[in-house]
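These are the residues of each chain, in order.
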Amino acid sequence: MTWSNFLIFIFMFIWCFMNVVECYPVTCKPAYIYADHMVLQRKPHGAVLWGYTDPGFSVNVTFKGVNHVSKGMPGAFGPDIGVWKVVLPPQPAGGPFVIDITCFDGQGNWSNIQLQDILFGDVWICSGQSNMAMAVRQAMNATAELAASVNYPNVRVLSVKQAESYTPYYDFNSTSSLYHPWAKADPESLGANAIGNYTYFSAVCWFYGRDLYDTYKVPVGMISTNWGATPVEAWSSPDVINSCAESVKKANVTKSRCASETVKNPIEVQYFKNDSVLWNAMIYPFVNMTIKGAIWSQGESNARDPDTYRCHFQAMISDWRQKWYTGSSQQTNPLFPFGFVQIGTSWLPQLGVLRDRYPVNYYKNIRWHQTNDVGYVPNAGMPNVFMAVAIDLTDFESPWNPIHPRYKQDVAARLVQAARVVAYQEKVLIYQGPFPTKFTVDSQAGTIKVKYNNKGSEPVRLVGPRNNTFEVCCSNCTVCQDGDTWIGTTGIAVTSLHSIRMNYTCKDLEPVAIRYLWRDYPCTYKKCLVYNQDGFLPAPPFVLPLDYTFNSAVHFGGLKFLICFCHVILFVCFYFPLGKY
């Protein structure tokens, strides 16, 4: 208790005694997301604190000897409960601090609560489905990792229990809504003795926070709120669902045309059927709290119906940002950094003889849609977004099945590498795997040259098997069609620091598009083909049109191309006759 609050206590005690007033306890508490050992967001943002008292009662939040005044206002909880909120001045990283909260009615009745061991640093939300929910004790080298956690007392963790709701929770019901309240990192708070898997604490979340602390030596608060086998729609507000309604409608029309081709999934998984229920129960309680950013690992549950994911994921990110900005009294960055894990592997290795019955190539589409159909982030539709490619972090021997690889340290390390540039504005750092900038086709020689830029012109490195990693679409038109054939390339070789060349065969057709790692399970652990020079960052999968050049003066690619071209001309002439205009 500070001297100012001690003097208030003495004054109120004497006043009550002298006036023989029946003093009664006043409701005075912070929201359940605040507690001892927490981390509040450091500058340049102001940390928001809010909580409860009686309607109309005054509240003093005392920090560093300064009182920040608020008043209990009826609102989200009805007329009988007052909600107060203060915004602390932006603070540098550091601590520990004490925060005193005193509520009083002006008639001598008051209550006080004290929050202790408070740090200022960076607060990150960790959310998604099972690959985010996988606990530290399920990761590689779990015993050693848990034991080493005591070396990070300035990394604090908070873990939320799974819950769903049809209406938004303004706050959690009680501390029973948490697997573990705010705590210093140690084996117990990271779930060494937790009952069941996929509970607490998230391995990706922990390793990300730990690596951030190792990089910047700034306190970090990591909030784990996730649930396995959940689709993006469950984590999205009704505003997101409504904004993507047209996208869903178009996808359903396309799907109905192909309903007879559907193949039943041999592994039945329970998927949520209700939109927004996890947004309401597991995300919304945090939107009034100032945060640095969020990381996300999800997509597997949308893989079998991927057509709307591009809209929902992009809209969800924008919506989270807007609602956090508003809820935190404009203290959270309205474009706060958002990192995600591009989904990795599937069930295929586990299925064995069932593999031929499994409807393959789910994951390739989700990976592409996660990037707004661009292949990399940030991009124009996804500003201030960063990504960890996980396609090569395969784990055939995972006791949690190959869809749940245990290499969460690698995932977190790649996320942190990208966050250092996107979230923390480090300038000279390679944070993305190689991505192509130009394709040059020599139709006579049957070769394609792929030139990489890689956001810094770092040389490329070839690591894994070379055949059938790149595929070329052979077509009789200028754009790859659904019925066209994809042919694997051969003879892949490095031709310069930033370029590779490969051979293709399209016979009398033309190469019109190229794709890379366009499979559910394209390579083994860290043995995909293309990496940056040190082998740390893999090239992401892509499917792109070829902007090709020709060695011959004019090359139409055979009779089938001419027929296709003529069909286009006839179509235009028939529907748009010159005389009409």
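Predicted, not measured: the structure shown is a model, and the values here were computed from it.

Some thoughts on the overall build of the protein
Here's step 1: Across its full length, the protein carries 12 helices and 25 strands.
Here's step 2: Considering only residue pairs separated by 6 or more positions, the protein has 76% of its internal contacts joining residues 24 or more positions apart.
Here's step 3: Total accessible area on the protein is roughly 25,300 Å²; 56% of this is exposed by carbon and sulfur atoms.

A few points about the environment of G293
Here's step 1: In this structure, G293 sits in strand β13 (residues 293–297).
Here's step 2: Take G293: its relative accessible area is 0%, and that puts it in the buried class.
Here's step 3: Sequence separation between G293 and F336 is 43 residues, and the spatial gap between their C-alpha atoms is 5.2 Å.
Here's step 4: The residues touching G293, leaving out its near neighbours within four places in the chain, are V123, W124, I125, F336 and P337.

Looking at helix α10 (residues 362–370)
Here's step 1: Of all nine residues in α10, eight are buried; the element is thus mostly enclosed.
Here's step 2: Those residues of α10 that are buried lie in contact with α8 (309–327), β14 (338–342) and β25 (542–545).
Here's step 3: Positive phi appears at N372, one or two residues downstream of α10, with a value of about 65°.

Considerations on the packing of α8 against α10
Each pair of packed helices can be described by the angle between their axes along with the distance between the axes.
Here's step 1: Where α8 meets α10, the axes come as close as 9 Å, and the angle between the chain directions of the two elements is 35°. In terms of crossing hand, the pair formed by α8 and α10 is right-handed. Mapping the contact onto sequence places Y309, R310 and F313 in α8 and I366, H369 and Q370 in α10.
Here's step 2: Among the residues forming the contact of α8 with α10, the class breakdown is three nonpolar, two polar and one charged.

Re the state of the cysteines
Here's step 1: One pass over the full model with this rule turns up six disulfides.
Here's step 2: Residue C126 pairs covalently with C205 via a disulfide, S to S 2.1 Å. The chirality of the disulfide connecting C126 with C205 is right-handed, given an S-S dihedral of about 70°. In this pair, C126 sits in strand β9 (residues 110–128) while C205 sits in helix α4 (residues 203–216), placing the two residues 79 residues apart along the sequence.
Here's step 3: Relative accessible area serves as the criterion here: at 0%, C126 is assigned to the buried category.
Here's step 4: Here C523 connects covalently by a disulfide to C528, the sulfurs 1.9 Å from one another. In this structure the cystine formed by C523 and C528 twists about its S-S bond by roughly -55°; its chirality is therefore left-handed. With respect to burial, C523 and C528 carry one shared label: buried.

Description of the confidence of the model for the protein
Here's step 1: Chain-level pLDDT for the protein is 85 on average; 82% of the residues reach the 70-or-more range.
Here's step 2: Here residues 6–25 scores under 50 on pLDDT; set against residues more than four positions off or in separate chains, the count is 18 contacts.
Here's step 3: Across residues 352–359, confidence stays below pLDDT 50; counting only partners more than four residues off in sequence or on other chains, it has 13 contacts.

Thoughts on unusual backbone geometry
Here's step 1: At the junction of G95 and P96, the peptide bond is cis and its omega measures out at 5° in the coordinates.
Here's step 2: With respect to the element layout, P96 can be found in strand β8 (residues 94–104).
Here's step 3: The backbone of H37 shows a phi angle near 75°, a positive value even though the residue is not glycine.
Here's step 4: With respect to the helices, strands and loops of the structure, H37 is situated in the loop between β1 (28–30) and β2 (39–41).
Here's step 5: Positioned with a positive phi, K507 is a non-glycine residue whose angle comes to about 55°.

Side note on the sheet that holds strand β23 (residues 510–516)
Here's step 1: Spatially, β20-β19-β23-β25 is the arrangement adopted by the four strands of the open sheet, whose pairing is antiparallel. Of all the strands in the sheet, the pair left with one neighbour each is β20 (485–488) and β25. For this sheet the average axis-to-axis angle between neighbouring strands, irrespective of direction, equals 30°.

So, the packing of aromatic side chains
Here's step 1: Enumeration according to the criterion identifies 34 aromatic pairs in this entry.
Here's step 2: Considering the side-chain rings of W124 and F386, the 6.4 Å spacing of their centres and the 80° angle between planes classify their relative orientation as edge-to-face. Taken together, the residues W124 in strand β9 and F386 in strand β15 (residues 385–389) connect sequence positions 262 residues apart.
Here's step 3: Where F313 meets F340, the ring centres are 5.3 Å apart and the plane angle is 90°; that geometry is what we call edge-to-face. Taken as a pair, F313 in helix α8 and F340 in strand β14 lie far apart in primary sequence, 27 residues in all.
Here's step 4: The class for F313 is buried, based on a relative accessible area of 0%.
Here's step 5: Owing to a relative accessible area of 0%, F340 belongs among the buried residues under this scheme.

Structural notes on the pairing of strand β16 (residues 436–442)
For a regular strand, the rule is simple: side chains alternate between the two faces of the sheet.
Here's step 1: Of the strand pairs in this sheet, β16 and strand β17 (residues 447–452) are connected by six bridges, and their pairing is antiparallel. By the bridge assignment for β17, P436 is matched with Y452.
Here's step 2: Hairpin connection from β16 to β17: four residues lie between these consecutive antiparallel strands, with G446 at a positive phi of about 70°.

A closer look at the pattern of salt bridges
Between side chains of opposite charge, a pair can form when the charged atoms approach closely.
Here's step 1: Inspection of the entire model under this criterion finds 12 salt bridges.
Here's step 2: A salt bridge links D319 to K323; its shortest N-O distance comes to 2.5 Å. A residue pair is termed a helical-turn pair when its members lie 3 or 4 positions apart in one helix, as D319 and K323 do in helix α8 at four residues.
Here's step 3: Residue classification places D319 among the buried positions, given a relative accessible area of 9%.
Here's step 4: Here K323 falls in the buried class, since its relative accessible area comes to 17%.
Here's step 5: D395 is the salt-bridge partner of R406, the closest N and O atoms lying 2.7 Å from each other. Placement of the pair is R406 in the loop between β15 and α11 (408–422) and D395 in the loop between β15 and α11, with a sequence separation of 11 residues. Grouping residues by exposure puts R406 and D395 together as buried.
Here's step 6: Through salt bridges with shared partners, a single ionic network connects E145, R210 and D211.

Some words on the sheet that holds β1
Here's step 1: Sheet architecture is open: four strands sit in the order β1-β3-β7-β6, paired in antiparallel fashion. Edge positions in the sheet fall to β1 and β6 (73–75), since each has one partner strand and no second. Pairwise comparison of adjacent strand axes, ignoring direction, gives a mean angle of 40° for this sheet.
Here's step 2: The sheet contact formed by β6 and strand β7 (residues 78–87) spans three bridges and is antiparallel. Across the sheet, the residue bridging to M73 is V83, located in β7.

Analysis parameters
Residues numbered from 1 in each chain as written. Predicted model: local features only at pLDDT ≥ 70, side-chain atom pairs only at ≥ 80, totals over all residues. Heavy atoms only, no water. Helix = DSSP H or I, 4+ residues; strand = E, 2+ residues; numbered from the N terminus. Contact = heavy atoms within 4.5 Å. Areas by Shrake-Rupley, 256 points an atom, 1.4 Å probe, with all protein chains shown as cover. Buried < 20%, exposed > 50% of the residue type's maximum accessible area, 1.4 Å probe, protein only. Axes fitted to C-alpha atoms, helices over the stretch in contact; angles between N-to-C directions. Left-handed = near helix turned anticlockwise from the far one by under 90°. Nonpolar A, V, L, I, M, F, W, Y, C, P; charged D, E, K, R; others polar. Disulfide = S-S within 2.5 Å. pLDDT = per-residue confidence, 0-100. Pairing = 2+ DSSP bridges. Phe/Tyr/Trp six-rings, centres within 6.5 Å; stacked < 30°, edge-to-face > 60°. Salt bridge = Lys/Arg side-chain N within 4 Å of Asp/Glu carboxyl O.

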